[in-house]
Amino acid sequence: MPANKKLLILPGDGIGPEVMAETRRVIDWMDRRRLVRFDIAEALVGGAAIDAEGTPITEATMQAARDADAILFGSVGGPKWDKLGFDLRPELAILRLRKELDLFANLRPAVVLDPLVDASTLKPEVVRGLDIMIVRESTGGVYFGTPRGVETLPDGQQRGFDTESYTTGEIERVARVAFELARKRGLRVTSVEKANVMQSGLFWRQTVTALGARDYPDVALSHMYADNCAMQLVRNPRQFDVIVTSNIFGDLLSDLASMLTGSLGMLPSATLGAVQPSGKRHALYEPIHGSAPDIAGKGIANPLAQILSFAMLLRYSFDMEEDARLIEGAATAVLAAGLRTADLAGPGGTAAVGTRAVGDALLAELERRAA
Ligand code: IPM
Ligand code: MG
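## Examining the environment of L304
Secondary-structure assignment places L304 in helix α10 (residues 304-318). According to the relative accessible area criterion, L304 is buried, its value standing at 1%. For L304 and A230, which are 74 residues apart along the polypeptide, the C-alpha to C-alpha distance reads 25 Å.

## Points about the domain arrangement of the protein
We note that the domain assignment places domain 1 (1-112 + 265-371) and domain 2 (121-261) within the protein. On a C-alpha basis, the centroid separation for the pair domain 1 and domain 2 is 24 Å. Carbon and sulfur atoms supply 60% of the area buried between domain 1 and domain 2, which totals about 2,000 Å² over both sides. A per-residue breakdown of the area domain 1 buries against domain 2 is headed by F104, R108 and V112, which together make up 32% of the total. Summed over the shared surface of domain 1 and domain 2, the result is one salt bridge. Residue D102 pairs with R173 through a salt bridge whose shortest N-O separation is 2.9 Å.

## Let's talk about the packing of helix α11 (residues 321-336) against helix α13 (residues 355-370)
At a minimum axis separation of 9 Å, α11 and α13 run at an interaxial angle of 120°. Our classification of the angle between α11 and α13 gives oblique. Between α11 and α13 the crossing geometry is right-handed. The residues of α13 that touch α11, namely those facing L326, I327, G329, A330, A331, A333 and V334, are V358, A361, L362, E365, L366 and R369. The class makeup of the residues in the contact of α11 with α13 is ten nonpolar, one polar and two charged.

## Considering the packing of aromatic side chains
Taken as a whole, this structure holds four aromatic pairs when the rule is applied. A ring pair is formed by F38 and F310, whose centres lie 5.9 Å apart and whose planes are at 65°; its orientation type is edge-to-face. Residue F38 is found in strand β2 (residues 38-42), and its partner F310 is found in helix α10; the two are separated by 272 residues along the sequence. Aromatic pair Y166 and W204: ring centres 5.1 Å apart, planes at 75°, arrangement edge-to-face. Separated by 38 residues along the polypeptide, Y166 in the loop between β7 (158-161) and α6 (168-183) and W204 in helix α7 (residues 199-215) bring together distant segments of the chain. Grouping residues by exposure puts Y166 and W204 together as buried.

## Describing the site of ligand 1
If you check the shell around ligand 1, you find E91, R98, R108, R136, Y143 and D251 and nothing else. R108 places a polar side-chain atom, nitrogen or oxygen, 2.8 Å from an oxygen atom of ligand 1. Y143 is positioned such that a nitrogen or oxygen atom in its side chain is 2.5 Å from an oxygen atom of ligand 1. If ligand 1 stood free it would expose 320 Å²; the protein chains cover 75% of that surface. Per-class residue counts for the shell around ligand 1 are one nonpolar, no polar and five charged.

## Regarding the environment of S120
Relative to the elements of secondary structure, S120 occurs in the loop between β4 (105-111) and α5 (124-127). Separated by 141 residues in sequence, S120 and T261 place their C-alpha atoms 5.6 Å apart. The residues touching S120, leaving out its near neighbours within four places in the chain, are V127, M259, L260 and G262. One polar contact links the side chain of S120 to the main-chain amide nitrogen of L122, over a distance of 3.0 Å. A distance of 3.0 Å separates a polar atom in the side chain of S120 from the backbone oxygen of L260.

## Here's the deal with the pattern of salt bridges
Enumeration over the complete set of coordinates arrives at 28 salt bridges. Its salt-bridge partner being R98, residue E286 comes within 3.0 Å of it at the nearest N-O pair. Taken as a pair, E286 in strand β12 (residues 283-287) and R98 in helix α4 (residues 92-100) lie far apart in primary sequence, 188 residues in all. R98 carries the same exposure label as E286, and that label is buried. Across the pair E365 and R368 runs a salt bridge, and its minimum N-O distance is 2.7 Å. Within this pair, E365 and its partner R368 are both found in helix α13, separated by three residues, close to a single helical turn. Given the relative accessible area of 11%, E365 is considered buried.

## Digging into the side chain of S309
Of note, S309 is situated in helix α10. In terms of polar contacts, S309 uses its side chain to reach the backbone carbonyl oxygen of E286, at 3.3 Å. For S309, the contacting residues outside a window of four places in its chain are L72, P268, S269, Y285, E286 and P287.

## Observations regarding the nonpolar core
Judged by nonpolar contacts, the single largest core of 86 residues is most densely connected at L107, V135, F310 and L314. Both domain 1 (1-112 + 265-371) and domain 2 (121-261) contribute no fewer than three residues apiece to this core. Sequence-distant contacts of L107, that is, excluding residues within four places in its chain, are made with M133, I134, V135, V177, L181, P268, S269, A270, L272, M312 and Y316. Counting residues in hydrophobic clusters, the runner-up holds 18 residues, among them A43, A65, F73 and L95.

What counts, and where the lines are drawn
- Residue indices follow the written sequence of each chain, beginning from 1 at its first position.
- In the order they appear in the text, chains get letters beginning with A and ligands get numbers beginning with 1.
- A pLDDT threshold of at least 70 governs which residues receive local features in this predicted model, and a stricter bar of 80 or more applies before side-chain atom pairs are shown or counted, although totals over entire chains, interfaces and linings include all residues.
- Working from all heavy atoms in the structure, the side-chain values ignore hydrogens and water.
- Helix and strand assignments follow DSSP, with helices taken as H or I runs no shorter than four residues and strands as E runs no shorter than two, numbered in order from the N terminus.
- To sort residues, take the accessible area from a 1.4 Å probe on protein chains only and compare it with the maximum for the residue type: under 20% means buried, over 50% means exposed, and anything in between is partly exposed.
- Residue ranges assigned to each domain were obtained from an automatic or database domain assignment.
- As used here, buried area is the combined drop in accessible area, with a 1.4 Å probe, of two parts when they are placed together.
- Note on definitions: salt bridges are taken to be side-chain nitrogens of Lys or Arg within 4 Å of carboxyl oxygens of Asp or Glu.
- Angles shown run from 0 to 180 degrees and are taken between the N-to-C directions of axes, each axis being a line fitted to C-alpha atoms and, for helices, limited to the stretch in contact.
- What sets the label is the angle itself: under 35 degrees gives roughly parallel, over 145 gives roughly antiparallel, 65 to 115 gives roughly perpendicular, and the rest give oblique.
- In a left-handed crossing the near helix is turned counterclockwise from the far helix by less than a right angle, and in a right-handed crossing that turn is clockwise.
- We call two residues in contact whenever any of their non-hydrogen atoms come within 4.5 Å of each other.
- Amino acid classes used here: Ala, Val, Leu, Ile, Met, Phe, Trp, Tyr, Cys and Pro are nonpolar; Asp, Glu, Lys and Arg are charged; the rest, including Gly, are polar.
- Pairing of aromatic rings covers Phe, Tyr and Trp, the last counted by its six-membered ring, and requires centre-to-centre distances within 6.5 Å; plane angles under 30 degrees mean stacked, over 60 mean edge-to-face, and any other angle means tilted.
- The criterion for a residue being near a molecule or strand is simple. One of its heavy atoms has to lie within 4 Å of it.
- Each polar contact in these results corresponds to two N or O atoms within 3.5 Å; when the atoms are within protein, one needs to be able to donate a hydrogen and the other to accept it, and residues that are neighboring in sequence are counted only if both atoms are side-chain atoms.
- Accessible areas in this description were obtained via Shrake-Rupley with a 1.4 Å probe; residue shielding takes into account the shown protein chains only.
- What is meant by a nonpolar core is a set of buried Ala, Val, Leu, Ile, Met, Phe, Trp, Tyr and Cys residues, joined one to another through side-chain atoms within 4.5 Å.

Rendered as structure tokens:
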């Protein structure tokens, strides 16, 4: 039997712990029923860590993250911690993990599952069969660029500023991830920026163009301004295969794309680092929804984005494609059977069930499929 796989679980705040509890049941099921063993450690992050440990993520937790084979992250933040000041935000936990582990490629698939085609706010004929992959750069750009701050001007006004910046290397490595993914999919990459307005956007476009011509002539590369891309995602989303874009545009466009699929509560993501000489690759998996403080603690959150993030973990960190598909197939079956949380139930549709009921149904379906 292969060595145990080291998982670090970071549930975080809001609905994070609720949806993670259902995911834990799926992990335990895998551990019991499939040929895989997990060593699981769990720690606090975000507001929960601020309350208990005085910081959004402790050094010990950072070290555990470096040591883990894969990290399963929930979500952080909430109104309780809004007044703490910029240097003590719960969000710093995820930003620090991405930056210090150099997790530069954030993969955000937007897939419309057949049973959910009516849950989208767009017409079924626009979204049916949709399968796009947004590759968001996640360690650079305006999220981390310097200088940044708030200064006082001679006339007494204040000025707030951030810096968008990308180097050749930063652009090339994330674009490579996009090109490689396209080779396993539809052989098309759309690179998104604002080359018409931003110097860094024009540089992004030129760099991706040169890389594509040099190393990926077999992949059809096109370019799009970010505002147009937002519009095209709503107008005709199936025109896209792989989208590659900066940190901030990827943040916006992936939230937008999530609603094509019916709910923000459905979208998993993987954030990958470079493959190191040892063969190891840091990786973190998280739903793209946030901590949803408005529904936290009510037992009504959709656990599927978190559970599907675990499926991505099996696929990308452990090459366990069959097991990933087992979970994805079971999730689709549960939705097809009409078991849906409130975010998906919708007016005139099936009545909503709770977080736990979706977990129960998913486990029953896994049992059935593995029998
Ligand atoms: C996301 C989130 C984060 C981001 C926040 C929580 C810092 O919105 O993962 O999309 O902006 O990257
Ligand atoms: Mg976001």
